[in-house]
Amino acid sequence: MLKIGLGGVSEPYLSLKFKTGDWGTHFPSVDNEKCKGCRDCEISCPEACIEVKKLNKKKFEVTFDFDFCKGCGICAYVCREDAIEMIVKEAYKV
Amino acid sequence: MTYFASGHGACPGCGIPVAVRNIIDAFDGKCFVANSTGCLEIISSQYGRSAWGVPYIHSLFENPAAVAAGIESALKALGRKDEGHVLVFAGDGATADIGIGPLSGMFDRNHDVLYICLDNEAYQNTGNQQSGLTPMGCLTTTTPVGKLMPGKIRQKKDMVAIALAHKLAYVATASVAFPREVVRKAKKAVEFEGAKYLQIHSPCVTGWGITGDQSFKIAKLAFETGLYPIVEFEHGELIRVRKIKEKRPVEEYLKIQKRFRHLFTHPKGEDVIKTLQSIADENIRRYNLMGTETEV
Ligand SMILES: Cc1ncc(C[n+]2csc(CCOP(=O)(O)OP(=O)(O)O)c2C)c(N)n1
Ligand SMILES: [Mg+2]
């Protein structure tokens, strides 16, 4: 009888072992005072490495997971409050 | 919690992971994904490096629609349809060129599948070869710019019209630069029984010759010029469009991308730009795109 194997099967989420945080030349820096909590940066991040936490009615805290951030700058572009700035990493300063 | 994990290998600034993550997260991971060979597959499913938290199969380049049809039929036969939606993620090459036969068959048999085309306007995974969805005037490795050729000669294929010709219940376009709208459309699509088509415009940083931080801006410009109309059809009828508040000339979109820059110096460039402008104008007229209403 013909036996059909499963082929190459991978466990889920193994990509998490691969830290892409050192890919980029820039990293984002946020001014939490300006954040109004719209979450545009969170949903637009290709690396799923932004979290917008609500501290109280008016205050928000944006955190980046630098293990994975590739420094693309989409978060800074989409931010309506100009609260995110892209900064060149020390190693890439000329 | 996301069902498409960090650590995948997409280029910085690529919009594909944004669209994919938001869609499968919107379904709370209750979906089965068939994915053709291409950028998404390469960045997320290399052996031992999977980014996926939902059932996922890498088909071949040409047959994700057939594989998805099989999954859907099996779920039906086993009485397990409630376990999730069957989705296809496929590139524009897979969709409009090599996989169009199986896609037409899947549409025709009306499998309960949401087919999502990630349209980065060329075969990007293999290094920027033209596809049927590559726009006119575009430089690719198979439409080189020389003394005679000003990039791709023919127009972008109208895949929306091809999908509509199959009398599907739901056909829409979207852009990675409007992620909330992408989610709304994916959720809307699965309310319809049968085959659905969603085409999402997604800039390619390397293939288009742009920087990662520009990708959303450029995707928005594609829409604001009229070159990439964002439309929504239910049962063949146009029910909604994203309105352009301020129309931009196509030059504004073309000049900031390496793939179109030759049009400003090539002897035939001016004619191509004129034709592209008339395509954009015709889109705006045909879909009545000008207006001020806002999308989600
Ligand atoms: C039958 C076959 N021909 C060619 C290839 C090589 N190949 C792999 S991906 C790809 C291009 C994919 O283009 P597209 O579908 O637009 O997806 P993208 O990578 O642009 O997201 C090609 C030509 C293949 N894998 N199988
Ligand atoms: Mg492509």
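Residues numbered from 1 in each chain as written. Chains lettered and ligands numbered in written order. Predicted model: local features only at pLDDT ≥ 70, side-chain atom pairs only at ≥ 80, totals over all residues. Heavy atoms only, no water.

What follows is about the confidence of the model for chain B. Of all residues in chain B, 99% attain a pLDDT of 70 or more, and the chain-wide mean is 97. ipTM for the predicted complex: 0.95, alongside a pTM of 0.97. (pLDDT = per-residue confidence, 0-100.)

The next subject is the interface of chain B and chain A. Chain B puts 31 residues into the contact, and the matching count from chain A is 31 residues. When the two sides are added together, the surface that chain B and chain A hide from each other amounts to roughly 2400 Å², 57% of it contributed by carbon and sulfur. Of all residues in chain B, the largest losses of buried area upon contact with chain A belong to Ser6(B), Arg21(B) and Arg180(B), amounting jointly to 22% of the total for that side. Put simply, chain B and chain A have one salt bridge between them. (Contact = heavy atoms within 4.5 Å. Buried area = accessible area lost by both parts, 1.4 Å probe. Salt bridge = Lys/Arg side-chain N within 4 Å of Asp/Glu carboxyl O.)

Let us look at a nonpolar patch on the surface. Residue and element names in this part refer to chain B. A cluster of nonpolar side chains, contributed by Leu148, Met149 and Ile153, occupies part of the molecular surface with about 300 Å² of accessible area. Within the secondary structure, Leu148 is located in the loop between strand 4 (113-119) and helix 6 (159-165). Overall, Leu148 belongs to the exposed group, its relative accessible area being 66%. (Patch = residues over 30% accessible without salt bridge, like charges linked within 9 Å, V, L, I, M, F, W, Y side chains within 5 Å. Areas by Shrake-Rupley, 256 points an atom, 1.4 Å probe, with all protein chains shown as cover. Helix = DSSP H or I, 4+ residues; strand = E, 2+ residues; numbered from the N terminus. Buried < 20%, exposed > 50% of the residue type's maximum accessible area, 1.4 Å probe, protein only.)

Take unusual backbone geometry next. Residues and elements named next belong to chain B. Even without being glycine, Asn110 reaches a positive phi, approximately 55 degrees. When you line up the elements, Asn110 lands in the loop between helix 5 (100-109) and strand 4. Take Asn110: its relative accessible area is 41%, and that puts it in the partly exposed class. Despite not being glycine, Glu121 shows a phi value in the positive range, around 65 degrees. For Glu121, the location among the structural elements is in the loop between strand 4 and helix 6. The buried category is assigned to Glu121, whose relative accessible area is 3%.

Where charged atoms from two side chains of opposite charge come close, those side chains can pair. Residues and elements named next belong to chain B. Throughout the structure, instances matching the rule amount to 26 salt bridges over all chains. A salt bridge links Glu72 to Lys81, with the shortest nitrogen-to-oxygen separation between them at 3.5 Å. Glu72 sits in the buried class, given a relative accessible area of 1%. Since its relative accessible area comes to 29%, Lys81 is described here as partly exposed. The closest approach of N and O atoms between Glu232 and Arg184, which form a salt bridge, is 3.1 Å.

Attention shifts here to helix 3 (residues 64-77) of chain B. Residue and element names in this part refer to chain B. A rise of 1.5 Å per residue sets the reference length of helix 3, with its 14 residues, at 20 Å; its end C-alpha atoms lie 20 Å apart and thus fit the reference within 8%. Of the positions making up helix 3, those classed as buried are Pro64, Ala65, Ala68, Ala69, Glu72 and Leu75. Taken around the axis of helix 3, the buried residues stretch over an arc of 135 degrees, which confines them to a single face. Contacts from the buried residues of helix 3 go to strand 1 (31-35), strand 3 (85-91), helix 5 and strand 4. Count one or two residues on from helix 3 and you reach Gly79, which has phi positive near 70 degrees. (Expected span 1.5 Å × (residues − 1). Arc of directions from axis to C-beta.)

Attention now goes to the site of ligand 1. Residue and element names in this part refer to chain B. Looking at ligand 1, there are 16 residues lining it, with Cys39, Gly93, Ala94, Asn120 and Gln124 nearest. Taking Cys39, its main chain carries an N or O atom lying 2.8 Å from an oxygen atom of ligand 1. The separation between an oxygen atom of ligand 1 and a polar main-chain atom of Ala122 is 3.0 Å. Within the complex, 75% of the 590 Å² of free accessible area of ligand 1 lies under protein. (Near = heavy atom within 4 Å. Polar contact = N/O pair within 3.5 Å; in protein donor to acceptor, adjacent residues only side chain to side chain.)

With that out of the way, let us pick up the sheet that holds strand 8 (residues 237-241) of chain B. Residue and element names in this part refer to chain B. Pairing in this open sheet of eight strands is mixed, and the strands run 2-1-3-4-6-5-7-8 from one edge to the other. Of all strands in the sheet, those bounded by a partner on one side alone are strand 2 (56-58) and strand 8. Along the sheet, successive strands turn relative to each other by an average axial angle of 20 degrees, direction set aside. Lying over the sheet, helix 1 (residues 16-26) contacts strand 1, strand 3, strand 4 and strand 6 (196-201), oriented at roughly 175 degrees with respect to strand 3. (Pairing = 2+ DSSP bridges. Axes fitted to C-alpha atoms, helices over the stretch in contact; angles between N-to-C directions.)

Let us look at the coordination of the magnesium ion (ligand 2). Residue and element names in this part refer to chain B. Looking at the metal site, the magnesium ion (ligand 2) is ligated by Asp92 (OD), Asn120 (OD1) and Ala122 (O), spaced 2.0 to 2.1 Å from it. Counting the intervening residues between successive donors of the magnesium ion (ligand 2) yields the motif D-x27-N-x1-A. In this pair, Asp92 is assigned in helix 4 (residues 92-98) and Asn120 in the loop between strand 4 and helix 6, connecting sequence segments 28 residues apart. Take Asp92 and Asn120: they sit in the same class, and that class is buried. (Donors = N, O, S within 2.8 Å, 3.2 Å for Na, K, Ca; no water.)

Attention now goes to helix 1 of chain B. Residue and element names in this part refer to chain B. Summarising burial for helix 1: nine of the eleven residues are buried, a large majority. For helix 1, the full list of buried residues reads Ile16, Pro17, Val18, Ala19, Val20, Arg21, Asn22, Ile23 and Ile24. Immediately beyond the C-terminal end of helix 1, within one or two residues, lies Asp28, with a positive phi of roughly 50 degrees.

What follows is about the environment of Ala219(B). All names here are of chain B. As for its placement among the helices and strands, Ala219 is situated in helix 9 (residues 215-225). Spatially, the C-alpha atoms of Ala219 and Pro17 are 15 Å apart, while their sequence positions differ by 202 residues. Once residues lying within four places of it in the same chain are set aside, the contact partners of Ala219 are Ser175, Val176, Ala177 and Pro203.

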